[in-house]
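# Observations on the three-dimensional arrangement
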Amino acid sequence: MDIWNIFDTEWVPVGTWIDQVLNWLVSDFRFVFQAIKVPFDIVLSALEDGLTGAPDLLILGLIALIAWQAGGRRVAVVSTLAMLAIGLMGAWEESMTTLSIVLTCVFFCALAGLPIGIAAARSDRVWNWVRPALDLMQTIPSFVYLVPVVMLFSIGNVSGVIVTFIYALPPLVRLTNLGIRQVRPDMVEAARAFGATKKQTLWKIELPLAMPTIMAGVNQTIMMALSMVVVASMISVTGLGQMVLRGIGRLDMGLASVGGLGIVFLAIMIDRISQSLGQPSRERGHQHWYRTGPLGVVTGFFARPATTGQGKETAATPPNSKTDGKTQA
Amino acid sequence: MSGQEQQKNAGGRSSVARVACKGVWKLFGDRADEALEAARAENLSKDEIRERFDCVLGVRDASFEVYEGEIFCIMGLSGSGKSTLVRHINRLIDPTAGEIHIAGDRVDTMDEAALNALRAEKIGMVFQHMALWPHRTLAETVAFGLEVRGVPKAERRKKAIAALNDMELGDWVDSYPDELSGGMQQRVGLARALAADPDILLMDEPFSALDPLIRRQLQDQFLDLSRKLGKTTIFITHDLDEAIRMGDRIAIMKDGVIVQTGTAEEIVTAPANDYVAAFVDNVPKGGFVTADQIMEPATGTPPGRSIAADTPLDEILATFAEDQAPLAVEKDGNTLGHVTVGDALQALGGKEDT
Ligand SMILES: Nc1ncnc2c1ncn2[C@@H]1O[C@H](COP(=O)(O)OP(=O)(O)O)[C@@H](O)[C@H]1O
Ligand SMILES: [Mg+2]
């Protein structure tokens, strides 16, 4: 043994242990991981088939309508232009694949992240366990868990969704926890004082009041998922990321740029729409969401003759009433 | 205080106890039970409890009864445990020790479902900082208690609108709380508390956050309402004037302890200790002190004019303003003593000589 270069020897064979654990998991529990893939596969396939199979212009129109509904005309214009640019660059097919991967990932992040975030907000003990796990997920370089994911789930788009899911989950959990913890205690106390159960308090008071923060978490999760697109393409995930990766491999600057720009435009579209979803209805002029945007046009068209009294009154309650204007103003 | 006295104190209202707390203790902290035992055995002070057990004393051995239809004020400085005590009544806070009764039922041992029913149907609560939910319209806010009990939408909206109309907020049914002024917001708080027509109202400094003019208006409005509806009310305030205005009876709290319970008159004229005395020192006594309390006992020849023994100081002073000759104090045709201008002025200054 050489004291001078004592650390040339591997004293604690962490790498070997991890290899052994992984090999054991792969050989004995492969069926578990194959089962985990199934729901991811189902959602991803459905979305991908829909988005790539439908006529391009139909999808573009749908995106425009959704953007209009969620965020008004400006968001609709920006989103449509961004998607139009992708289409004109010839990256439409790839962008639809990437979009379906991102959406699948966000769906599962919400499915897992919201309950975890709520549980963490409810109990300091849970949060003390969850927080270090989130720290770990966020600090380990994403390249590192490509290897175990490939070994356990093999390569392809579904594995890509799983890698992205692990990477993009933490902000949603964090912000759900934060949003619920930030709800003013007297809001919760008032709900309890009027006989609401814990569950009713959560659904009727805490979640609505935490919603802007939670939606900021969703937005961050989406952005993290998009930023994972290129890395994920290294395990044979198709889409815009693969365009970039192939461009780098062949030193084809044009191809890499189209892929990169595609990701940017896709990010703009998703970001604008998801941010407007986070705005409480209060900021949309006290109107129910279905009374604004394209649905507002439709419902307004049908509702006008029937509910002139009701609908008008709701929208146009005078802010200076007889009694109160006098005593309070 | 004996039962008979309590009945007298209820001031002519019913003497059925609606709400009763018996020996309620509340200690905040992990070692509450341990601290309770020591505090009881060794009579530890609030600071000693904090030092030895790292527990905060919220309420110490509080007992009181509130009769049907009365307004019972709990008065004390900030941090004296008023909010903590009142939250035991609907058990937003669990007592460390003691019993809470509402109309004969034990609240402190109630299960979750019964407790939620009690809160939604029997007790309305109003909060100091309104605690209105920013994402709910006034109608949705006021209907909340009905909503969680599963009352159908149309019916609860009808009741909510009726409650808002009673508070003169009928034009704001579909507005959000932040569109309203502070006084209006607290009227929404009142409407919410009254919507389910509960028997008991808990009001935790409902008017403290309002400016004086609006506060006065709301106090009057609430007194009117209270006379009309006759709800059993527990009203918290840190303002003695408000307690005297609103309360049929007043309990004074200091450091978690109820130091005196009685009518405004009893508290102003016979403070139980120096602490209460210092509090009531500035209260104008004209309405509370009566002739027999300030007179000089006398047997000699009566002065020319006479007044009844229970004439309040205000009226005595008014009489002296016309003529400063001493007055005889009479009760049942007998002369008990007489009052001079000096006696009256001394009493007004807070010094009583009996
Ligand atoms: N949840 C709590 N945890 C620890 N201490 C508390 C808690 N709630 C109240 N206290 C303490 O109990 C005492 C009484 O508080 P409170 O009932 O709010 O007084 P008041 O309403 O008279 O101002 C204060 O010393 C306060 O710091
Ligand atoms: Mg308080």
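Residues numbered from 1 in each chain as written. Chains lettered and ligands numbered in written order. Predicted model: local features only at pLDDT ≥ 70, side-chain atom pairs only at ≥ 80, totals over all residues. Heavy atoms only, no water.

## Quick look at the packing of helix α5 (residues 92-122) of chain A against helix α8 (residues 157-181) of chain A
Residues and elements named next belong to chain A. The N-to-C vectors of α5 and α8 enclose an angle of 40°; their axes lie 6 Å apart at closest approach. Relative to α8, the element α5 is oriented oblique. In this structure, α5 crosses over α8, and the sense of that crossing is right-handed. Across the contact of α5 with α8, the residue classes break down as 18 nonpolar, eight polar and one charged. (Axes fitted to C-alpha atoms, helices over the stretch in contact; angles between N-to-C directions. Helix = DSSP H or I, 4+ residues; strand = E, 2+ residues; numbered from the N terminus. Parallel < 35°, antiparallel > 145°, perpendicular 65-115°, else oblique. Left-handed = near helix turned anticlockwise from the far one by under 90°. Nonpolar A, V, L, I, M, F, W, Y, C, P; charged D, E, K, R; others polar.)

## Comments concerning the nonpolar core
A general trend in soluble globular proteins is that nonpolar side chains are found buried together. Met 83 and Leu 266 of chain A together with Phe 64, Ile 89, Phe 222, Ile 234 and Ile 250 of chain B are the most contacted members of the largest nonpolar core, which totals 164 residues. No other element matches α5 of chain A, which puts twelve residues into this core. Grouped together as the second largest cluster of nonpolar side chains are 14 residues, Val 289, Ile 316, Leu 327 and Ala 347 of chain B included. (Core = buried A, V, L, I, M, F, W, Y, C linked by side-chain atoms within 4.5 Å. Buried < 20%, exposed > 50% of the residue type's maximum accessible area, 1.4 Å probe, protein only.)

## Digging into the site of ligand 1
Residues and elements named next belong to chain B. Looking at ligand 1, the residues that line it are Phe 28, Lys 46, Val 56, Gly 58, Leu 77, Ser 78, Gly 79, Ser 80, Gly 81, Lys 82, Ser 83 and Thr 84. Contacts to ligand 1 include Lys 46, whose side-chain N or O atom sits 3.1 Å from an oxygen atom. At 3.0 Å, a backbone N or O of Gly 81 approaches an oxygen atom of ligand 1. Residue assignment for the shell around ligand 1 shows that the elements contributing at least two residues are β2 (56-67) and α4 (82-89). (Near = heavy atom within 4 Å. Polar contact = N/O pair within 3.5 Å; in protein donor to acceptor, adjacent residues only side chain to side chain.)

## A look at the pattern of salt bridges
With the rule as written, the count across this model stands at 27 salt bridges over all chains. In this structure, Arg 192 of chain A engages Glu 112 of chain B in a salt bridge whose closest nitrogen and oxygen atoms are separated by 3.2 Å. Of the two residues, Arg 192 of chain A is situated in helix α9 (residues 185-193) and Glu 112 of chain B in helix α5 (residues 112-121); the pairing between them involves two chains. Judged by its relative accessible area of 16%, Arg 192 of chain A falls in the buried class. (Salt bridge = Lys/Arg side-chain N within 4 Å of Asp/Glu carboxyl O.)

## A few points about the pairing of strand β12 (residues 305-308) of chain B
Residues and elements named next belong to chain B. Bridge analysis of β12 against strand β13 (residues 327-331) gives four bridges, and the strand direction is parallel. Bridge pairing links Ala 308 to Glu 330 in β13. Running through helix α15 (residues 313-322), the crossover from β12 to the neighbouring parallel element β13 is right-handed. (Pairing = 2+ DSSP bridges. Right-handed = clockwise from strand over helix to strand, strands pointing away.)

## Focus: the interface of chain B and chain A
Each partner contributes to the interface: chain B provides 38 residues, whereas chain A provides 28 residues. Contact with chain A buries area across many residues of chain B, yet Trp 133, His 135 and Asp 171 of chain B alone supply 18% of it, more than any other trio. For the pair chain B and chain A, the interface holds three salt bridges. A salt bridge links Arg 87 of chain B to Glu 189 of chain A, with the nearest nitrogen and oxygen atoms 2.4 Å apart. Mapped onto the side of chain B that touches chain A, the elements with two or more residues apiece are α5, β6 (123-126), α7 (144-148), α9 (182-194) and α10 (212-229) of chain B. If you tally residues by element for the side of chain B that touches chain A, the top one is α9 of chain B, at five residues. Considered class by class, the residues forming the side of chain B that touches chain A number 17 nonpolar, nine polar and twelve charged. (Contact = heavy atoms within 4.5 Å. Buried area = accessible area lost by both parts, 1.4 Å probe.)

## Remarks on the sheet that holds strand β10 (residues 257-262) of chain B
Residues and elements named next belong to chain B. Overall, mixed pairing links the six strands, which are arranged β6-β7-β8-β3-β9-β10 in an open sheet. Of all strands in the sheet, those with a lone pairing partner are β6 and β10, marking the two edges. Mean inter-strand twist for the sheet, computed between neighbouring axes without regard to direction, equals 15°. One ladder, built from five bridges, connects strand β3 (residues 71-76) with strand β9 (residues 249-254); its direction is parallel. Considered in β9, the bridge of Ile 74 is made with Ala 251. In the packing of α4 onto the sheet, contacts are made with β3, β6, β7 (200-204), β8 (232-237), β9 and β10, and the angle to β8 comes to roughly 160°.

## Notes on the confidence of the model for chain B
All names here are of chain B. Across chain B, the average pLDDT comes to 88, with 93% of residues at or above 70. Note on residues 1-12: pLDDT under 50 across the span, and twelve contacts to partners over four residues away in sequence or across chains. Per the prediction output, this complex has pTM 0.82; the corresponding ipTM is 0.82. (pLDDT = per-residue confidence, 0-100.)

## Observations regarding helix α8 (residues 153-166) of chain B
Residues and elements named next belong to chain B. Along its 14 residues, α8 runs 20 Å from first to last C-alpha, staying within 8% of the 20 Å computed at 1.5 Å per residue. Where α8 is concerned, the buried positions are Arg 156, Ala 160, Ala 163 and Leu 164. Summarising the axial view, the buried residues of α8 lie within an arc of 100°, below the 170-degree limit, and thus occupy one face. In α8, those exposed residues whose orientation departs by more than 90 degrees from the buried face are Ala 154, Lys 158 and Asp 166. Packing partners of the buried residues in α8 comprise α6 (138-142), α7 and α9. Downstream of α8 by a residue or two, Glu 168 has a phi angle that is positive, lying close to 60°. (Expected span 1.5 Å × (residues − 1). Arc of directions from axis to C-beta.)

## Some points on the packing of aromatic side chains
All told, the structure shown has eleven aromatic pairs over all chains when counted by the stated rule. Consider the rings of Trp 24 of chain A and Phe 29 of chain A, whose centres lie 5.2 Å apart with planes at 75°: the pair is edge-to-face. On the basis of relative accessibility, which here comes to 30%, the residue Phe 29 of chain A falls in the partly exposed class. Measuring from ring centre to ring centre gives 5.5 Å for Phe 33 of chain A and Phe 153 of chain A, while their planes differ by 90°; the resulting arrangement is edge-to-face. Here Phe 33 of chain A, found in helix α2 (residues 30-53), pairs with Phe 153 of chain A, found in helix α7 (residues 146-153); they are 120 residues apart in sequence, far enough to count as distant. Each member of the pair, Phe 33 of chain A as well as Phe 153 of chain A, carries the same accessibility label: buried. Here the guanidinium or amino end of Arg 192 of chain B rests over the ring plane of Trp 133 of chain B, the centre of that ring lying 4.6 Å away. For Lys 254 of chain B, the ring lying beneath its charged end belongs to Tyr 275 of chain B, and the centroid distance is 5.1 Å. (Phe/Tyr/Trp six-rings, centres within 6.5 Å; stacked < 30°, edge-to-face > 60°. Lys NZ or Arg CZ within 6 Å of the ring centre and 35° of its normal.)

## Section: the packing of helix α3 (residues 56-71) of chain A against helix α13 (residues 253-278) of chain A
All names here are of chain A. Interaxial distance between α3 and α13 falls to 8 Å at its minimum, and their mutual angle equals 35°. Taken as a pair, α3 and α13 cross one another with a handedness that is left-handed. Taking contact as the criterion, the partners of Ile 63, Ile 66, Ala 67, Ala 70 and Gly 71 in α3 are, on α13, Met 269, Ile 273, Ser 276 and Leu 277. For the contact of α3 with α13, a count of residues per class yields seven nonpolar, two polar and no charged.

## Digging into the sheet that holds strand β5 (residues 105-106) of chain B
Residues and elements named next belong to chain B. Overall, antiparallel pairing links the four strands, which are arranged β2-β1-β4-β5 in an open sheet. A single partner strand is all that each edge strand has here, and the edge strands are β2 and β5. Inspection of the sheet shows strand β1 (residues 17-28) paired to β2 by eight bridges, in the antiparallel sense. Directly across from Cys 21, in β2, lies its bridge partner Phe 64. Where helix α2 (residues 32-42) meets the sheet, it contacts β1, β2 and β4 (97-102), and its direction lies at approximately 105° from that of β1.

## Examining the domain arrangement of chain B
Entries for chain B in the domain assignment read domain 1 (69-90 + 112-280) and domain 2 (291-348). Centre-to-centre separation of domain 1 of chain B and domain 2 of chain B, based on C-alpha positions: 41 Å. (Domains from an automatic or database assignment.)

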